[in-house]
Amino acid sequence: MINAFEKMDLIKSYGTTFSIGALAMFIAVGLGALAAYAVSRIKHPFFSTMYWVYTACILIPIQSALIPVVLLMRDLHLQNSILGMSLMYGAMLSPFCIFMYSGFMRAIPYELEESAYLDGCSPARTFFQIILPLILPVTASLIIVQFISVWNDLQLPLVLLNSADHPTVSISLYKFFAGRSMSDLSLLFGGIMLTLLPIIVLFVSFQRFFVKGLSAGAVKG
């Protein structure tokens, strides 16, 4: 594992992937919760239409839009940058987060918000003090599932982040499969273990909320 640690340049790989994942989670989960609050609680045709637009985006595979995405990132000068990758992942993951959050928020009684409004709470304060604590289980579930998808993804970093300055964990591990290291099984499996370690730590840390989120989703379903 020591040799794999050195050959993968794991400190830089961890830093790049964590940076991309953290910013992507803020966009997809954080802003997705706010968007879901609007489309699920505000009764207006515009927000109802936006909900179906977000839901339809889940069905669009990123592979079908890869060439336009590459051209757009190039024109915006975001190619080979952590910010560009984070924005890309945030856009990809947001529709599913909005879909999940909307289902949970619709099950929350409106009386809670009405009571808050009578006490003088603004919509923003109502969301952060009343709604947000109630959706923490699904938030933890989304963070785990979506962060793992960012951590394990290989296609987008190969296409949009093909720079040695910003190697992700998946690209660093891919070099073992593409090079001569494939014959060195100890080096290969050491790299796999180092890749899985942060995901295991993340899941153990959020396990209680993850199970609670799954249980709540099963009851609501």
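Refer to the structure above for everything that follows.
The sections below set out a description of the structure shown in this document. (Residues numbered from 1 in each chain as written. Predicted model: local features only at pLDDT ≥ 70, side-chain atom pairs only at ≥ 80, totals over all residues. Heavy atoms only, no water.)

**Some words on the overall build of the chain**
Helix and strand content of the chain: 11 helices and zero strands. Its helices and strands in sequence order give the chain the pattern α-α-α-α-α-α-α-α-α-α-α, from N to C terminus. In the chain, of all internal contacts separated by at least 6 residues, the share reaching a separation of at least 24 is 79%. Accessible surface for the chain amounts to roughly 12200 Å². Of this, 70% is attributable to carbon and sulfur atoms. (Helix = DSSP H or I, 4+ residues; strand = E, 2+ residues; numbered from the N terminus. Contact = heavy atoms within 4.5 Å. Areas by Shrake-Rupley, 256 points an atom, 1.4 Å probe, with all protein chains shown as cover.)

**Thoughts on the side chain of Ser94**
Along the chain, Ser94 turns up in helix α5 (residues 82-106). The class for Ser94 is buried, based on a relative accessible area of 15%. For Ser94, the side chain forms a polar contact with the main-chain oxygen of Gly90, separated by 2.5 Å. Leaving out residues up to four positions away in the same chain, Ser94 has contacts with Ile27 and Ala28. (Buried < 20%, exposed > 50% of the residue type's maximum accessible area, 1.4 Å probe, protein only. Polar contact = N/O pair within 3.5 Å; in protein donor to acceptor, adjacent residues only side chain to side chain.)

**Description of the pattern of salt bridges**
Two side chains bearing opposite charge may form a pair once their charged atoms approach each other closely. For the structure on display, the rule yields two salt bridges. In this structure, the salt-bridge partner of Arg41 is Glu113, at a minimum N-O distance of 2.3 Å. Residue Arg41 is located in helix α2 (residues 10-41), and its partner Glu113 is located in helix α6 (residues 110-118); the two are separated by 72 residues in the primary sequence. Take Arg41: its relative accessible area is 8%, and that puts it in the buried class. By relative accessible area, Glu113 is classed as buried at 4%. Between Arg74 and Asp75 there is a salt bridge, with the nearest N and O atoms lying 3.5 Å from each other. We classify Arg74 as partly exposed; its relative accessible area is 48%. (Salt bridge = Lys/Arg side-chain N within 4 Å of Asp/Glu carboxyl O.)

**What about the packing of aromatic side chains?**
Using the criterion set out here, one finds nine aromatic pairs in the structure. Taking the centre distance of 5.7 Å and the plane angle of 40 degrees together, the rings of Tyr14 and Trp151 count as tilted. Within this pair, whereas Tyr14 is found in helix α2, its partner Trp151 is found in helix α8 (residues 136-152), the two being separated by 137 residues in sequence. By relative accessible area, Tyr14 is classed as buried at 16%. Plain terms: the ring middles of Tyr51 and Trp52 are 5.3 Å apart, the flat faces sit at 75 degrees to each other, and that makes the pair edge-to-face. Classification of Trp52 by relative accessible area gives exposed; the value is 59%. (Phe/Tyr/Trp six-rings, centres within 6.5 Å; stacked < 30°, edge-to-face > 60°.)

**Observations concerning the nonpolar core**
Tyr101, Met105, Ile135 and Leu156 are the most contacted members of the largest nonpolar core, which totals 48 residues. Residue assignment for this core shows that the elements contributing at least two residues are α2, α4 (66-75), α5, α7 (123-134), α8, α9 (155-160), α10 (169-178) and α11 (185-220). Filtering out sequence-adjacent residues up to four positions away, Ile135 remains in contact with Ala33, Tyr101, Met105 and Ile108. (Core = buried A, V, L, I, M, F, W, Y, C linked by side-chain atoms within 4.5 Å.)

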